[in-house]
Amino acid sequence: MGNGTRLGRVRGLGSSHHGSQHWLQQRLTALGNILLVTWFFVSLIRLPLSDHGAVQRWAANPTVALALILLVISVFWHFRLGLQVMIEDYVHGEAVKLLSLVILNFYAIGGAAFGIFAIVRIALAPAGLAPGGM
């Protein structure tokens, strides 16, 4: 297709080749979110939600726990990618933009870590103990 406009090629202001990778990551995480969230809701509908033990046993299944971890990673990654684009486009001060991106990264990584920790805790809990119980 080309390297941008003629003036951009002359000035050397063509594509930096980062936008297409970011765009592709957003689309792939969106596809993963569609598949994983659909699986999650269908699975929850099939469970007796009034029975806490049944939901806990379901979440403790290693295959389910792995899928839940993938769901958490995909959702937080997609969230971070989308907000990063918004911050880069609409925040104009360099210091505020940098601070916003740092806070966004801490929030996304922290949220994903907390979700993964909770899933692992449920999956590795002894069968007789409820999470949070003694």
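Data block above holds the structure.
Residues numbered from 1 in each chain as written. Predicted model: local features only at pLDDT ≥ 70, side-chain atom pairs only at ≥ 80, totals over all residues. Heavy atoms only, no water.

Examining the overall build of the protein
A tally of helices and strands in the protein yields 5 helices and 0 strands. Order of helices (α) and strands (β) in the protein, N terminus to C terminus: α-α-α-α-α. If you take every contact in the protein between residues at least 6 apart in sequence, the share linking residues at least 24 apart comes to 65%. Of the roughly 9800 Å² of accessible surface on the protein, a fraction of 70% belongs to carbon and sulfur atoms. (Helix = DSSP H or I, 4+ residues; strand = E, 2+ residues; numbered from the N terminus. Contact = heavy atoms within 4.5 Å. Areas by Shrake-Rupley, 256 points an atom, 1.4 Å probe, with all protein chains shown as cover.)

Focus: the pattern of salt bridges
Evaluated as defined, the whole model comprises 1 salt bridge. A salt bridge links Asp51 to Arg57, with the shortest nitrogen-to-oxygen separation between them at 3.8 Å. Residue Asp51 is classed as partly exposed on the basis of its relative accessible area, which comes to 33%. Among the residues examined, Arg57 registers a relative accessible area of 57% and is labelled exposed. (Salt bridge = Lys/Arg side-chain N within 4 Å of Asp/Glu carboxyl O. Buried < 20%, exposed > 50% of the residue type's maximum accessible area, 1.4 Å probe, protein only.)

A few points about the environment of Phe117
With respect to the element layout, Phe117 can be found in helix H5 (residues 94–124). Sequence-wise, Phe117 and Ile69 are 48 residues apart; in three dimensions their C-alpha atoms are separated by 9.1 Å.

Some details on the packing of aromatic side chains
Between two aromatic rings, the relevant description is the distance of the centres plus the angle of the planes. Throughout the structure, instances matching the rule amount to 6 aromatic pairs. Judged by centre distance (5.8 Å) and plane angle (55°), the rings of Phe40 and Phe41 are tilted. We classify Phe40 as partly exposed; its relative accessible area is 23%. Linked through ring pairs, Trp39, Phe40, Phe41 and Trp58 together constitute an aromatic cluster. (Phe/Tyr/Trp six-rings, centres within 6.5 Å; stacked < 30°, edge-to-face > 60°.)

Overview of the packing of helix H4 (residues 62–90) against H5
Remark: H4 packs on H5, axes separated minimally by 10 Å, with the N-to-C direction vectors making an angle of 170°. In terms of axis orientation, H4 runs roughly antiparallel to H5. When its residues are assigned to classes, the contact of H4 with H5 shows 18 nonpolar, 5 polar and 3 charged. (Axes fitted to C-alpha atoms, helices over the stretch in contact; angles between N-to-C directions. Parallel < 35°, antiparallel > 145°, perpendicular 65-115°, else oblique. Nonpolar A, V, L, I, M, F, W, Y, C, P; charged D, E, K, R; others polar.)

Side note on H4
For H4, built from 29 residues, the straight-helix expectation of 42 Å at 1.5 Å per residue is met to within 8% by its first-to-last C-alpha distance of 42 Å. Within the sequence span of H4, burial applies to Val64, Ala65, Ala67, Leu68, Ile69, Leu71, Val72, Ser74, Leu81, Gln84 and Ile87. Buried residues belonging to H4 abut helix H2 (19–46), helix H3 (52–60) and H5. (Expected span 1.5 Å × (residues − 1).)

Comments concerning the environment of Leu36
Considering the arrangement of structural elements, one finds Leu36 in helix H2. Between the alpha carbons of Leu36 and Leu70 there is a distance of 8.0 Å; along the sequence they are 34 residues apart. With sequence-adjacent residues up to four places away left out, Leu36 is seen in contact with Ala67, Leu70, Leu71 and Ser74.

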